[in-house]
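Here's the letter readout for the chains.
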Amino acid sequence: MDRIYVALDVETTGLDPANDEIIEVAAVKFNGDEVLETYQQLVKPHHSLPLKITRLTGISDADLEDAPRFAQIGPDLVRFLKSYPIVGHSIGFDIRMLQAHGMRLPQTSYDTFDLATLLMPHAPAYRLSALSAALGITHEDAHRALSDSDATRQVFLHMLRRINALSLDELTQITQLTAKIQWPLRDLFEEAQREKAKRFLLEEGASAKPGDDPKPAKEPVPLKPTGNEEPLDLDRVRRFFAPDGPMGRAFAGYEQRAPQVHMAEAVGNAFNTSIPLMVEAGTGTGKSMAYLVPSVMWAAQRGERVVVSTNTINLQDQLFFKDIPDLQRIMAEDDEVQVPFKAALLKGRSNYLCLKRYHDLRRDARATEDDIKALLKVQLWIPTTTSGDKAEILLTERESGAWSKINTTPETCVGPSCAFFRECFFFKARREAEAAHVVVANHALMLADLATEANVLPPYDHLVIDEAHNLEDVATDQLGFAVDQSGLLDFLDSLFAEGGAAISSGLFAELPSRLREGATTQGDMDTASEIARTLGPTVTKARASVYDCFNRLSIFMNEEAESTSYDPRLRLTPKERQHPAWAEIEMAWGNLSLQLQEISNALGKLEALVGNLKDAGIPDYETLALRVQSLRRYVTDVRVNVGAIIVGGEEKLVTWLTYDRMRDTLELRAAPLSVAELLQANLFALKATSVLASATMSVDGQFDFIRDRLGVEEPDALQLESPFDYTKQALVYLPNDMPEPNHPGYQRALEQAIVSICTASNGRALVLFTASSALKQTYRAIQEPLEERGITVLGQGIDGSRRSLIHRFKEFPQSVLLGTTSFWEGVDVVGDALSVLLIAKLPFPVPNDPIFAARSELYTDSFNELSVPMAILRFKQGFGRLIRSKDDRGIVAVLDKRLLSKRYGQLFLDSLPEALVRSGPAAQLPALAARFLNRS
């Protein structure tokens, strides 16, 4: 392409075009690989630079002292850019900043971020530095405008080469798909299409024909029992971890860990005896291999499947993409073992692309602009994916809405009857799971499968649950129910379009044409028409009833919020239902419930009619039948569950209202009061082997609390200490002069303590909070004093996503990271980057949380029997963020005096590994921290 472009980048004081300023601008003019001209200019802002910007860019206030204002350099920049197309990485931000400074840029712009998400769907990250590294581009001076501009230029050229490598058929599909929308990148694909079409004609179609089918992959063979019923040889399990055993031979410098061997032996015994096992394995134990080795040995010996369930994607990926491949290599290659085995990764249906729905949406004239952009990404991703897993592609928040139109769902999946069944990603994953000895799943899938009997997981008798401390919360969520106004209206719209009589869309709008395409009788057509005629007015009334019901609920919740401290959740108790306004809500629900019953009856009649037309040759009959069944099942679930929420009387349910600020919607919610009986009856009692593992399961050395919460009957329990030497590696400090959290002076004392210790440690600190409001208040107070000392403050919900914050924290250790709920676990920062852990408050559950409040009522002494154990488990998770390797050293300071002033404080301390514990004035902490951290 013989065309001149300009790669552009600006560096700024922040991310808000309305309030932040440009401090550097650079551009690179180029034609192909030839750089024609460059432009670079520092710009003096009206305010001093935030420290995090100086740290990120390397630009200081001194560097900008003699720089011109933007108004002085603007004309030169305009003359440089002229009308050439602009290229930039997330170029929309750069253009908005320039526009805020008075520049008009009417020319076309091309975003390399958008191009990369299209053309590199498997890239691990889409930051400019990450893309540069993936493409082999030298980018030594990241976050400086000229370096970023030149890296962008090179990324853009790589993207052009990828566009040119697409087939003529692919390019044609792209240009046709995007013809209806305003999409700047379309020019690039159109130009490539024209060039390729010319070459194709000149070469008389010599290139490979599009659409050639690859050779079909070999079908997995379902796992079959071997007939070997011998117990697992525990000596063989122990031998596997010996220094001169398979593990020792596989890894240079391997050191045997006694707790890991002990755990592996206990897991093997659980397989042999069918006695449930609960095991707490401290950080560094190597628990993944400790349960994988006996699981694999058992599965291979018996030909029986083992499901390993995790809570987080990080652990799921670590198991499937790192630990299991390592184990497969060892067990296949080591002469002593010789146990080849198969593993599979399985997720819920909604994670997989449905090829039929994808092609249907491509043909749908109602596809929105966001739908089309998502379809475009999917089109370029399909040839590269073997899994069809949504996690492999990056969809924007708006594009993600399209995924629900093209993913696999039980309501639309017709299985073997589908024309795309052979290529179906979900069934491919399911077949691989059926052939696997070990299936890696997650808690949500395992429990959803349990609740809906969807049979996504193949049959299994052996279960290992890692991160088991999360199981109760996930079970509560998966076994619960939620509905909002938009969900109900969408359901009604799926039957009839707004207006009832003037049907334009929905099931009953499509029904006549669908039936006419088959060999249906006039009687069948008349029956369908009569159902539609009688149902139309009912749907219209139901729509009005939905609005009436939810309006009354919103008014009720707002009135309750005014009379109490505002909370987005309101638990529905007998007291709430005795309120005079609640009687009106019950009447509104009564009307809606009757209308939903009429709808259910009509769908029942339609289901019977469609069932009788199975052999009538109706196109896509199975999809139609599934759709009717799904709609009837939905309306039944809504009537039962909303009835329980509005009317009450279900003692085993917790019911509440939630106001979602992000979506400005009110939800009706219900959850089981206890999941213990459900899990025991429907999960643990049905499994021959149940192993539950976590780094945090015991309270005061006992497993009783979590055992009772999860319903595990008569398990063996094993508590293993971490192999790390906490007495040398960690210091726990308890300031004895801090006010208690409910004291007026606490917040100021907290801020002073954080500033003092983080100054002494030069950052390298993680501060854990229990509420985002406290985090934001502290952030505002400590930012300036710490930045004056050269220490950057990063806040969750303020400075970026969780992933980006952790990345920046590792990249710039002279930082303090403030986090709430999600930072108490799953943060893994090895080395000096994290040397100080500050816990602002003990993590007691929120008293007015509806589920917690309801469960508290089951206890005589709910504080000591429920609140304290829950807080201890959370506290242990937070403590575990500090020491992540045998070489780590660090300090944990608990800035909550209740550890010293309350009787339960000792229980928290007793739950920790044996570390050095000191107490004294907060003022002594900085000097103590400096001495401890500097000690070799």
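Our structure's up above, just so we're on the same page.
These notes cover the structure that comes with them.

1. Here we look at the pairing of strand E20 (residues 815-819)
Then comes step 1: Most of E20 is tucked away: five of the five residues are buried.
Then comes step 2: Along E20, one buried face is formed by Ser815, Leu817 and Gly819 and the opposite face, lined by Val816 and Leu818, is buried too.
Then comes step 3: Across four bridges, strand E18 (residues 765-768) lies against E20 in parallel orientation. Residue pairing for E20: Leu766 is matched across the bridge by Leu817.

2. Some remarks on the pattern of salt bridges
Then comes step 1: A full pass over the atoms with the stated rule returns 49 salt bridges.
Then comes step 2: With a closest N to O distance of 3.1 Å, Arg398 and Asp370 form a salt bridge. Taken together, the residues Arg398 in helix H17 (residues 397-406) and Asp370 in helix H16 (residues 369-381) connect sequence positions 28 residues apart.
Then comes step 3: Arg569 serves as the salt-bridge partner of Asp849, at 2.7 Å between the closest nitrogen and oxygen. Within this pair, whereas Asp849 is found in the loop between strand E21 (836-839) and helix H33 (850-856), its partner Arg569 is found in strand E12 (residues 569-571), the two being separated by 280 residues in sequence.
Then comes step 4: On the basis of relative accessible area, Arg569 is assigned to the partly exposed category, the value being 26%.
Then comes step 5: Here the salt bridges share partners, and the residues they tie into one network are Lys322, Asp323, Asp326 and Arg329.

3. Notes on the sheet that holds strand E13 (residues 653-660)
Then comes step 1: With antiparallel pairing, the four strands of this open sheet are ordered in space as E11-E14-E13-E12. Unpaired on one side and paired on the other, strand E11 (481-484) and E12 mark the two borders of the sheet. For this sheet the average axis-to-axis angle between neighbouring strands, irrespective of direction, equals 20 degrees.
Then comes step 2: Bridge count for E13 against strand E14 (residues 665-672) is eight bridges, and the pairing is antiparallel.

4. Overview of the nonpolar core
Then comes step 1: Counting residues in hydrophobic clusters, the biggest one holds 88 residues, and the most contacted among them are Phe189 and Leu692.
Then comes step 2: Excluding its chain neighbours within four sequence positions, the residues that come into contact with Leu692 are Leu277, Met278, Val279, Ile465, Ala468, Leu471, Phe684, Met697, Leu710 and Val712.
Then comes step 3: Leu492, Ala528, Val539 and Ala670 belong to the second largest nonpolar core, which has 56 residues in total.

5. Considerations on the packing of helix H8 (residues 168-177) against H16
Then comes step 1: The N-to-C vectors of H8 and H16 enclose an angle of 170 degrees; their axes lie 10 Å apart at closest approach. Relative to H16, the element H8 is oriented roughly antiparallel. When H8 is examined against H16, the residues Glu170, Gln173, Ile174 and Leu177 are found in contact with a partner set consisting of Ile372, Leu375, Leu376, Gln379 and Leu380.
Then comes step 2: For the contact of H8 with H16, a count of residues per class yields six nonpolar, two polar and one charged.

6. Points about the sheet that holds strand E10 (residues 462-465)
Then comes step 1: Pairing is parallel in the open sheet, where seven strands are placed in the order E8-E9-E7-E10-E15-E6-E16. A single partner strand is all that each edge strand has here, and the edge strands are strand E8 (343-345) and strand E16 (716-720). Ignoring which end each strand starts from, the neighbouring axes of this sheet average 15 degrees apart.
Then comes step 2: Relative to E10, strand E7 (residues 306-310) runs parallel, the two sharing four bridges. Bridge assignment links Val308 to a residue of E10, and that residue is Val464.
Then comes step 3: Of the strands in this sheet, strand E6 (277-281), E7, E10, strand E15 (689-694) and E16 are in contact with helix H12 (residues 258-273), which crosses E16 at around 170 degrees.

7. Notes on helix H4 (residues 91-100)
Then comes step 1: Within H4 the residues assigned to the buried category are Ile91, Phe93, Asp94, Ile95, Met97 and Leu98.
Then comes step 2: Gly102 occupies a position one or two residues after H4 and carries a positive phi of about 100 degrees.

Conventions and cut-offs
- Residues numbered from 1 in each chain as written.
- Predicted model: local features only at pLDDT ≥ 70, side-chain atom pairs only at ≥ 80, totals over all residues.
- Heavy atoms only, no water.
- Buried < 20%, exposed > 50% of the residue type's maximum accessible area, 1.4 Å probe, protein only.
- Helix = DSSP H or I, 4+ residues; strand = E, 2+ residues; numbered from the N terminus.
- Pairing = 2+ DSSP bridges.
- Salt bridge = Lys/Arg side-chain N within 4 Å of Asp/Glu carboxyl O.
- Axes fitted to C-alpha atoms, helices over the stretch in contact; angles between N-to-C directions.
- Core = buried A, V, L, I, M, F, W, Y, C linked by side-chain atoms within 4.5 Å.
- Contact = heavy atoms within 4.5 Å.
- Parallel < 35°, antiparallel > 145°, perpendicular 65-115°, else oblique.
- Nonpolar A, V, L, I, M, F, W, Y, C, P; charged D, E, K, R; others polar.

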